[in-house]
Amino acid sequence: MDRRHFIGQSAAALGLLAGFSGQARANLQKAEILVIGGGYGGATAAKYLRLFSNNTAKVTLIEPNASFISCPMSNLVVGGSRTLAELTSPYDNLSKRHGINIIQDSVASIDADKKTVKLASGKTLRYDKAVVSPGITLMMDSIEGLVQANKAGVTLQAWKAGAETVALHKQMTSIRDGGTFALSIPEAPYRCPPGPYERACQVANYLKKNKPKSKVLILDANQDVTSKGALFKKVWAEQYSGIIEYLPKHNVTAVDAKTKTIKLEVQDDIKADVLNLLPAMSAGEIAVKTGLANSNGRWVNVNFINFESTAQKDIHVLGDSIQVAPAMPKSGHMANSHAKVAAAAIVAELSGWEINPAPVLTNTCYSFVNEREVVHVASVHQYNAAEKTFKTVPGSGGLSPAPSTLEGVYAWGWAHNIWADSLG
Amino acid sequence: MREKYLKSAILGALYIGLSHWSPYALAQNADASNLYKRSLAATCANCHGTDGIGVPNAGMPIINNLTSEQMLTQLKAFKSGAREGTIMPQLAKGYSDEQLETIANQLGKK
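Residues numbered from 1 in each chain as written. Chains lettered and ligands numbered in written order. Predicted model: local features only at pLDDT ≥ 70, side-chain atom pairs only at ≥ 80, totals over all residues.

Colleague: I'm lost on the overall build of chain A in this one. Help?
Modeller: When you go through chain A residue by residue, the secondary structure sums to 11 helices and 25 strands. In terms of C-alpha radius of gyration, chain A reaches 24 Å, essentially the compact-globule figure of 22 Å for 424 residues. Across the 424 residues of chain A, 51% fall into the buried class. Within chain A, contacts between residues separated by at least 24 positions form 68% of all contacts whose residues are at least 6 apart in sequence. (Helix = DSSP H or I, 4+ residues; strand = E, 2+ residues; numbered from the N terminus. Rg over C-alpha atoms; globule rule 2.2 N^0.38 Å. Buried ≥ 20, exposed ≤ 12 C-beta atoms within 10 Å, placed from the backbone. Contact = placed C-beta atoms within 7 Å.)

Colleague: What is the right way to look at the environment of Lys233 of chain A in this model?
Modeller: Of note, Lys233 of chain A is situated in helix α8 (residues 229-239). Residues Lys233 of chain A and Lys271 of chain A lie 38 residues apart in sequence; the distance between their C-alpha atoms is 24 Å.

Colleague: Teacher, can you tell me more about the domain arrangement of chain A here?
Modeller: Accessible area lost when the parts come together is the quantity often used to give the size of an interface. Residues and elements named next belong to chain A. The domains assigned to chain A are domain 1 (10-138 + 282-355) and domain 2 (140-278). Using C-alpha coordinates to define each centre, domain 1 is positioned 33 Å away from domain 2. Between domain 1 and domain 2, the residue contacts involve 19 residues of the former and 25 residues of the latter. Elements represented by at least two residues in the side of domain 1 that touches domain 2 include exactly α3 (75-79) and β10 (136-138). At five residues, the largest contribution of residues to the side of domain 1 that touches domain 2 is made by α3. Partitioned by chemical class, the residues of the side of domain 1 that touches domain 2 number 11 nonpolar, six polar and two charged. (Domains from an automatic or database assignment. Nonpolar A, V, L, I, M, F, W, Y, C, P; charged D, E, K, R; others polar.)

Colleague: Teacher, can you tell me more about the sheet that holds strand β6 (residues 107-111) of chain A here?
Modeller: Strand pairing in a sheet relies on backbone hydrogen bonds. The paired strands run either parallel or antiparallel. Residues and elements named next belong to chain A. The strand order across the open sheet built from three strands is β6-β7-β8, with neighbouring strands paired in antiparallel fashion. At either margin of the open sheet sits one strand with a lone partner, and together these are β6 and β8 (124-126). Neighbour-to-neighbour, the strand axes of the sheet open up by a mean angle of 20°, direction not taken into account. Examined bridge by bridge, strand β7 (residues 116-119) and β8 share three bridges and lie antiparallel to one another. Residue pairing in the sheet places Val117 in a bridge with Leu125 of β8. (Pairing = 2+ DSSP bridges. Axes fitted to C-alpha atoms, helices over the stretch in contact; angles between N-to-C directions.)

Colleague: Where do I start with helix α7 (residues 195-210) of chain A in this structure?
Modeller: Each α-helix turn comprises 3.6 residues. Residues three or four places apart therefore point the same way. In this model α7 of chain A runs 23 Å from its N-terminal to its C-terminal C-alpha over 16 residues, within 8% of the 22 Å that 1.5 Å per residue would give. Of all 16 residues making up α7 of chain A, 13 are buried, and the element is well covered by its neighbours. (Expected span 1.5 Å × (residues − 1).)

Colleague: How do you make sense of the confidence of the model for chain B when you look at a structure like this?
Modeller: Should the pLDDT be low somewhere, the predicted coordinates at that spot are not to be read in detail. Residues and elements named next belong to chain B. Confidence in the prediction of chain B, expressed as mean pLDDT, is 86, and 75% of residues score 70 or more. Every residue in residues 15-20 is under pLDDT 50, and counting partners more than four places away or in other chains gives eight contacts. At the level of chain-chain contacts, confidence expressed as ipTM amounts to 0.92, with global pTM at 0.91. (pLDDT = per-residue confidence, 0-100.)

Colleague: Just checking my understanding: could you explain the pairing of strand β1 (residues 32-36) of chain A for this structure?
Modeller: Each regular strand displays side chains that alternate between the two surfaces of the sheet. All names here are of chain A. Where burial is concerned, most of β1 is hidden: four out of the five residues are buried. Across five bridges, the pairing between β1 and strand β2 (residues 58-62) is parallel. Note on β2: the bridge partner recorded for Val35 is Leu61. With helix α2 (residues 40-52) bridging β1 and the parallel β2, this β-α-β connection has right-handed handedness. Bridge analysis of β1 against strand β9 (residues 129-132) gives four bridges, and the strand direction is parallel. Counted as the bridge partner of Ile36 is Val132 from β9. (Right-handed = clockwise from strand over helix to strand, strands pointing away.)

Colleague: How do you make sense of the environment of Gly145 of chain A when you look at a structure like this?
Modeller: Residues and elements named next belong to chain A. Among the secondary structure elements, Gly145 is positioned in the loop between β10 and α5 (146-151). On the neighbour-count criterion, Gly145 (21 C-beta atoms within 10 Å) is buried. Residues Gly145 and Leu87, 58 residues apart in the sequence, show an inter-C-alpha distance of 32 Å. Beyond its immediate stretch of four places on either side in the chain, Gly145 contacts Ala254, Val255, Asp256 and Ala257.

Colleague: Please explain the packing of helix α10 (residues 332-351) of chain A against helix α11 (residues 405-423) of chain A as it appears in this structure.
Modeller: Angle between the axes and distance between the axes: these two values describe a pair of packed helices. All names here are of chain A. Direction vectors running N to C along α10 and α11 enclose 35°, while the axes themselves pass 11 Å from each other. Once α10 is placed against α11, the crossing between them reads as left-handed. For the pair formed by α10 and α11, the contact residues are Gly332, His333 and Asn336 on the first element and Ile418, Asp421 and Ser422 on the second. Of the residues that constitute the contact of α10 with α11, the class distribution is one nonpolar, four polar and one charged. (Left-handed = near helix turned anticlockwise from the far one by under 90°.)

Colleague: Explain the nonpolar core here, please?
Modeller: Proteins that are soluble and globular tend to have nonpolar side chains buried together. Residues and elements named next belong to chain A. One finds Leu49 and Val347 to be the most contacted residues of the largest nonpolar core, which totals 149 residues. With 12 residues, α10 is the single largest residue contributor to this core. Those residues in contact with Leu49, other than ones at most four positions away along the chain, are Ile33, Ala57, Val59, Ala343, Ile346 and Val347. (Core = buried A, V, L, I, M, F, W, Y, C linked by C-beta atoms within 7 Å.)

Colleague: So what exactly am I meant to see when it comes to helix α6 (residues 97-107) of chain B here?
Modeller: Residues and elements named next belong to chain B. Restricting attention to buried positions, one finds in α6 the residues Gln99, Ile103, Ala104 and Leu107. All buried residues of α6 project into a common sector of 135° when viewed along the axis, lining one side. Away from the buried face of α6 by more than 90 degrees, exposed residues Asp97 and Glu98 are located. (Arc of directions from axis to C-beta.)

Colleague: Any chance you could explain the sheet that holds strand β12 (residues 215-220) of chain A here in plain terms?
Modeller: All names here are of chain A. With parallel pairing, the four strands of this open sheet are ordered in space as β13-β12-β11-β17. The open sheet has two edge strands, β13 (244-247) and β17 (274-277), and neither has a second partner. Across the sheet, the mean angle from the axis of one strand to that of its neighbour is 15°, orientation sign disregarded. Sheet topology note: the strand β11 (residues 180-185)/β17 ladder contains four bridges and is parallel. Along β17, the bridge assignment pairs Ser184 with Leu277.

As structure tokens, this is what we get:
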């Protein structure tokens, strides 16, 4: 080997080196990344895919709604102390500040083999990576007569914040003094474990001031309160005695819209004036339709290291749609946390790097027990490589000792910051 | 001279062999490691804002006025129980000391 030869080989090696590295970068820049659903999971994923790629990844967000309406805090709209406008954020910062291509449309179908997405408007888009964050489907058929009762406007769910949230508030205010507001809860898992109990507090808070002879009847299919149990029960006893009645192991099976009668699996029929019945829930419709819901046909199993579906390669699923790890709630905060882990993993993979072997998730959930006082539950979830799941750290996390107005201030601080973190 | 060339050739071959992996691996490790650090610090953003820049006057304590050193001191005080709070003592206990240090380095005032 002469010197020229050696230099030539070295140059070739360097060229290869540059090519190698450039190729990985090019993969990240060339990849079409489609994010389906602009909730806490999808919006955050779109934004952090841009941030973590130093604004080099091509990201498209597909979302049918013109603006984002937060489910967290929406029980305050039901109770009447806040308006929906206060919980609404625009999507356009994601395009203006972060260069995300936003398509206001819904997804009709996903062809995971061809790696294409068909929009409701008819257009077909190709993807290299899809992030699917479609929230939940309310399984209306799980309560007999619920579809008709909902169509007739007799029963409302208001479990996706929007027009129904305001309509439920109106139903509550039109209740006669001495009337009953029935709120039913399906068996866990469902979206937002403490949400129904918070709603009961908000309705009771209104009734206490305006229709004090009225009652809130909680019909819970579960054995006991599924989240913040001791805290809620204390509040019900101290602040809403004689107004909130809690009935565990009451599984609603049917509703008669005409007579406003609720049928239960075991107990006698119950009549109520306002019927807020929450049916069982499953992964968002598009996830189920695409065959991703491979856990009992309801939830999507994912590899927790990168939130890739176990059913389809290159489809990452976030938020309420997934089959959760132990002690992992279906919450907006958790969906935002999922999104960041998935975004970092996708950027790593497309760059040709090893995926972060030790991702971390957090959850924080504030519940208002009246207009100002709040209780929280919080947790930290570290990835366990041996068991390929997330586990809460022993000794960490926990609950508030009691409701406080300080946490009421923090709850709004949380809301404004997570809205900005997801959409700002 | 011949021996010298041979030496170069061996070194060169070694270099070529390594260069397929080693320097690139080092480069990617630095970038990847930076990404992991950013994603760890992003677990704070839900409450304290993207990159630790919180929404002003929203009600949540602002953290980006702290230096990395000050932030780490506070995080460790929350973890040990020396500093009381609502959520932070519970969350800080979920992170290793090394993770808290990474977070403080990422989010502290530069």
